[in-house]
Amino acid sequence: MAEDKLTTRAEDFSEWYNQLVIKSDLADYAPVRGCMVVKPYGWALWENITSWLDKEFKATGHVNAAFPTLIPMSFFEKEKDHVEGFAPELAVVTHGGGVELEEKLAVRPTSETIIGHMYSKWVKSWRDLPILIVQWGSVLRWELRTKLFLRTAEFYWHEGHTAHSSAEEAKEEMYRILDIYERFCLEEAALPIIKGTKSETERFAGAHTTTSIEAMMWDKRALQSGTSHYFSTNFAKAFEIQFLNKDNVLQYAETTSWAISSRIIGAMIMVHGDDQGLVLPPRLAPVQAVLVPIYKNDAEKAKVMEVADRIFMELKAAGIRLKMDDRDNVSSGFKFNDWEMRGVPVRVEIGPKDVEKGSVALARRDKPGREGKTFVPQAGLDSAVSGLLVEIQDSLLKRATEYRDANIHDPKDYEELKKVVQDGWAFSYWCESRECETKVKEDAKATTRNIPFNQPETEGTCIVCGKPSKRKVYFAKSY
RNA sequence: CGGGGCGUGGCGCAGUCCGGCUAGCGCGCUUGCUUUGGGAGCAAGAGGCCGUAGGUUCGAAUCCUAUCGCCCCGACCA
């Protein structure tokens, strides 16, 4: 069988990514422009992501609901910035049942409008608030240039939409969600991220404040990996979400929305993946460990499978997500490469020699090839594997954090800033003016990512114009 | 939307400039035998109205016209 090697990251990072998504069996191109088919392996990964988030949302008082895919076009006209932001990328249904529709319907690009409309019906009294609803589903945006997981026309996500009786409460909600996103990234996805506030130009269409989590990919470009928005009363005014407060005064609700999409899978691919393929964090991997029995003939097979089956049961009982690769039509070498391509964190190899010695070969995916392989006793393998999964999870986060920190620079002047953002991030004082932001974009093709929270009380001067500045911002090229 | 590339068995491609006989190749697939500790070997098979629609011609994957779609780069992108 001929080798079927992946383009390396150094050769062509974009090509590496495209090939990897297909070869690792996460997704495939759909016969529809810009759309993807998420294959069972990719969907299993997505389910592990969604189930953790769903549990956290429920634990913080949120409930799930479903709103229509189609939204009356007129709804988009109600919020000025929102329509400007989304009109260019709407797909519109013009006919139904063979008849031209009187009012055209947009396929939802996001659901603030239709949910805002419903909230106006549901909210009459301060007693009706807060409303904390999450919708799981997909949305459609007519993107001009797509890439599997990172930017597809249709993508999967959850969108949280909440309404509150005070600005303070709504802002708290925005930050609470961003904290959940941060914990998800650090604890589950092993993605080091930076929490902060978006600049005015990078803000969500119609938002008062947009906060985000930003991650650095292997090629050092930034990926906005999740957002949490505070709308103040912008959408409440557009959709007339009003209630009588405790003082019997009619007032507008304060709303938020927030999302993490299937794009987060793209982030995991581009942060953890290597030239052998995908590397999945153990906590989210659909298959945490794979067993590969090795034998030459039926006599060996019988002996090996007896041990392999026993180990399989033991590891299964320990709660490890497990797969036995007992395919007879491919060689062991093929299987090793195959599971490495799919990013399975731990591989357990059991051959005739291991049966005799009472050992197994244990290979960890974060150290590819033979260097990640050690021989360990069969006795106590369940705790050895469990321990290794934890170790891999930690080492992925550590490695990604070190990589990110090593590639964030503090340029001395504007000339240096232009240089460093070509292959890294810059963390610099910025006067928060649109002019300076635009200048950086034009000169260096880098944008502001976010202004991180909890900055020290120091002052400096804007890296672009030299005016006094209190806060630093990240500049980077982004996806 | 601008620039570039490409549509030929499931996948990747050759053939197209310069029209010609039964449309090839690699991988994968099926069957059999030998293999299996880092991407196995041999043998025999199955599988195609050459993206679509018109046209030119004795004859079109190949030339002409139109059309649909995909990929890459750029612009755009909560």
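Residues numbered from 1 in each chain as written. Chains lettered and ligands numbered in written order. Predicted model: local features only at pLDDT ≥ 70, side-chain atom pairs only at ≥ 80, totals over all residues. Heavy atoms only, no water.

Within the element layout of this structure, R141 appears in the loop between β7 (131-140) and β8 (154-164). Here R141 occupies a buried position and makes no salt bridge, while the nearest side chain of opposite charge, E89, is found at 4.4 Å. Beyond its immediate sequence surroundings of up to four residues, R141 is in contact with F86, E89, P109, T110, A153, F155 and W157. (Helix = DSSP H or I, 4+ residues; strand = E, 2+ residues; numbered from the N terminus. Buried < 20%, exposed > 50% of the residue type's maximum accessible area, 1.4 Å probe, protein only. Lys, Arg positive; Asp, Glu negative; His and termini not counted. Salt bridge = Lys/Arg side-chain N within 4 Å of Asp/Glu carboxyl O. Contact = heavy atoms within 4.5 Å.)

It is the contact of helix α9 (residues 298-317) with helix α12 (residues 381-406), at a shortest axis distance of 9 Å, that shows an interaxial angle of 55°. Classed by the angle they form, the pair α9 and α12 counts as oblique. When the axes of α9 and α12 are compared, the crossing they make is right-handed. Contacts from I311, E314 and L315 of α9 reach α12 at L381, D382 and V385. Looking at the contact of α9 with α12, its residues break down into 4 nonpolar, no polar and 2 charged. (Axes fitted to C-alpha atoms, helices over the stretch in contact; angles between N-to-C directions. Parallel < 35°, antiparallel > 145°, perpendicular 65-115°, else oblique. Left-handed = near helix turned anticlockwise from the far one by under 90°. Nonpolar A, V, L, I, M, F, W, Y, C, P; charged D, E, K, R; others polar.)

F13, W16, Y17, Q19, L20 and V21 are the residues of helix α1 (residues 13-23) that are buried. Those residues of α1 that are buried are in contact with β1 (27-29), α8 (263-272) and α10 (332-341). The opening residue of α1 is D12, an N-cap whose side-chain oxygen sits 3.3 Å from the backbone nitrogen of S14. Of the residues one or two after α1, D25 is the one with positive phi, at around 75°. (Polar contact = N/O pair within 3.5 Å; in protein donor to acceptor, adjacent residues only side chain to side chain.)

This part is about the nonpolar core. Counting residues in hydrophobic clusters, the biggest one holds 54 residues, and the most contacted among them are I49, F149, Y181, F184, I264, I265 and I269. Every element with two or more residues in this core is listed here: α1, β2 (36-38), α2 (40-59), α6 (167-189), β10 (209-216), β14 (254-261), α8 and α10. Each of two domains, domain 1 (13-272) and domain 2 (289-389), supplies a minimum of three residues to this core. Not counting residues within four places of it along the chain, the set of residues in contact with F149 comprises Y17, V21, L26, A27, M36, S262, R263, I265, G266 and I269. With 27 residues, the next largest nonpolar core counts F86, Y119, L129 and A207 among its residues. (Core = buried A, V, L, I, M, F, W, Y, C linked by side-chain atoms within 4.5 Å. Domains from an automatic or database assignment.)

Take the packing of aromatic side chains next. Going through the model one piece at a time under the given rule, you end up with 16 aromatic pairs. Between F13 and W218, the aromatic rings sit 5.4 Å apart at their centres with planes inclined by 20°, giving stacked as the arrangement. Here the residue F13 occupies a position in helix α1, and W218 occupies one in the loop between β10 and β11 (222-232), the gap between them amounting to 205 residues. Seen in terms of ring centroids, W43 and Y156 are 5.2 Å apart; in terms of plane orientation they differ by 85°. Their pairing is edge-to-face. Taken together, the positions of W43 in helix α2 and Y156 in strand β8 put the pair 113 residues apart, joining distant regions of the chain. A connected cluster of aromatic rings, assembled from ring pairs, spans F86, F204, F231 and F235. For K78, the ring lying beneath its charged end belongs to F75, and the centroid distance is 5.0 Å. Residue placement shows R221 over the ring face of Y479; its charged tip is 4.0 Å from the ring centre. (Phe/Tyr/Trp six-rings, centres within 6.5 Å; stacked < 30°, edge-to-face > 60°. Lys NZ or Arg CZ within 6 Å of the ring centre and 35° of its normal.)

This part takes up the domain arrangement of chain A. We note that the domain assignment places domain 1 (13-272), domain 2 (289-389) and domain 3 (408-476) within chain A. The centre of domain 1, based on its C-alpha atoms, is set 41 Å off from the matching centre of domain 2. Listed by partner, the interface residues are 6 residues for domain 1 and 4 residues for domain 2. Between domain 1 and domain 2, roughly 440 Å² of surface is buried when both sides are summed, and carbon and sulfur atoms account for 53% of that area. Counting every contact that joins domain 1 to domain 2 gives 1 salt bridge. A salt bridge links R342 to D25, with the shortest nitrogen-to-oxygen separation between them at 3.6 Å. Taken together, the links from domain 1 to domain 2 amount to 1 residue pair in polar contact (both at pLDDT 80 or more). Sorting the residues of the side of domain 1 that touches domain 2 by element identifies α1 and α2 as the ones contributing at least two each. Grouping the constituent residues of the side of domain 1 that touches domain 2 by class yields 2 nonpolar, 2 polar and 2 charged. (Buried area = accessible area lost by both parts, 1.4 Å probe.)

For the structure shown, the criterion picks out 39 salt bridges. One salt bridge in this structure joins R365 and D274, with 2.8 Å as the shortest N-O distance. In this pair, R365 is assigned in the loop between β18 (359-364) and β19 (373-377) and D274 in the loop between α8 and β15 (289-293), connecting sequence segments 91 residues apart. Like D274, R365 is buried. Here E415 makes a salt bridge to K418, at a shortest N to O gap of 3.3 Å. Of this pair, E415 and K418 both sit in helix α13 (residues 414-420), separated by 3 residues, roughly a single helical turn. Through salt bridges with shared partners, one network takes in D25, K39, D325, R327, K335, D338 and R342.

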